[in-house]
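Structural overview for review
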Amino acid sequence: MIIVCPACMKKNNLPTDIPVAEAQCGQCDHDLWSAKPINLNDDNFMQFVPNTEIPVFVDFWAEWCGPCKSMAPHFEQLAQHYPQLQFAKVNTEAAPRLSAFFQIRSIPSLILFKQTTQLARAAGAMNTSQLQAWLAQHGIRN
Ligand SMILES: [Zn+2]
């Protein structure tokens, strides 16, 4: 399966029997899966998400948004427990084109992507157990 390296943004073709969480980039040796949410922006999002064959769970947030800040540690804490997903964050102020493209009207907004498909989206802050329940509703369990 194709996995884009979160460090150098090069595509890696990974044999399906190798877990993404245990693989390194053939170009730069960086881990192909990050246990911490990666930062995506107007420049790298379209390289990373549509080309990565595992779902990417994205938190659209902003610096001035209190609920975003309260959700951040919950989102970050969960990221390490879902090796079948890549967690990512988009700072909406730094990524105006993405925010417009995905019609982000309130933040935080969460979108679960599978390449170019939006599997699910939600608006409003959630804590760890709410996030887990929401992912489970969409068939993703840790
Ligand atoms: Zn790399």
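Residues numbered from 1 in each chain as written. Predicted model: local features only at pLDDT ≥ 70, side-chain atom pairs only at ≥ 80, totals over all residues. Heavy atoms only, no water.

Within an unreviewed UniProt entry, the label attached to the protein chain reads Thioredoxin, and the organism entered is Acinetobacter qingfengensis. Among the UniProt annotations of the protein chain, the heading Sequence similarities (unreviewed entry) holds the following wording: "Belongs to the thioredoxin family." (UniProt positions renumbered as here; feature names shortened; annotations may be inferred.)

Concerning the coordination of the zinc ion
At 2.2 to 2.4 Å from the zinc ion lie its protein donor atoms, namely Cys5 (SG), Cys8 (SG), Cys25 (SG) and Cys28 (SG). Its 4 donor atoms give the zinc ion angles of 104 to 117° at the centre, a pattern that matches the tetrahedral case. Each donor residue of the zinc ion belongs to the same chain, with the gaps between them written as C-x2-C-x16-C-x2-C. Linking cysteine 8 in the loop between strand E1 (2-4) and strand E2 (11-13) with cysteine 25 in the loop between E2 and strand E3 (38-40), this pair joins segments that are 17 residues apart in sequence. (Donors = N, O, S within 2.8 Å, 3.2 Å for Na, K, Ca; no water. Tetrahedral: all angles 85-135°; square planar, octahedral: opposite > 155°, others 65-115°. Helix = DSSP H or I, 4+ residues; strand = E, 2+ residues; numbered from the N terminus.)

What about unusual backbone geometry?
For the bond running from isoleucine 107 to proline 108, omega is 0°, close enough to zero to count as cis. With respect to the helices and strands, the residue proline 108 is situated in the loop between helix H3 (96-101) and strand E6 (109-114). For glutamine 103, which is not a glycine, the phi torsion comes out positive at approximately 50°. In this fold, glutamine 103 is placed in the loop between H3 and E6.

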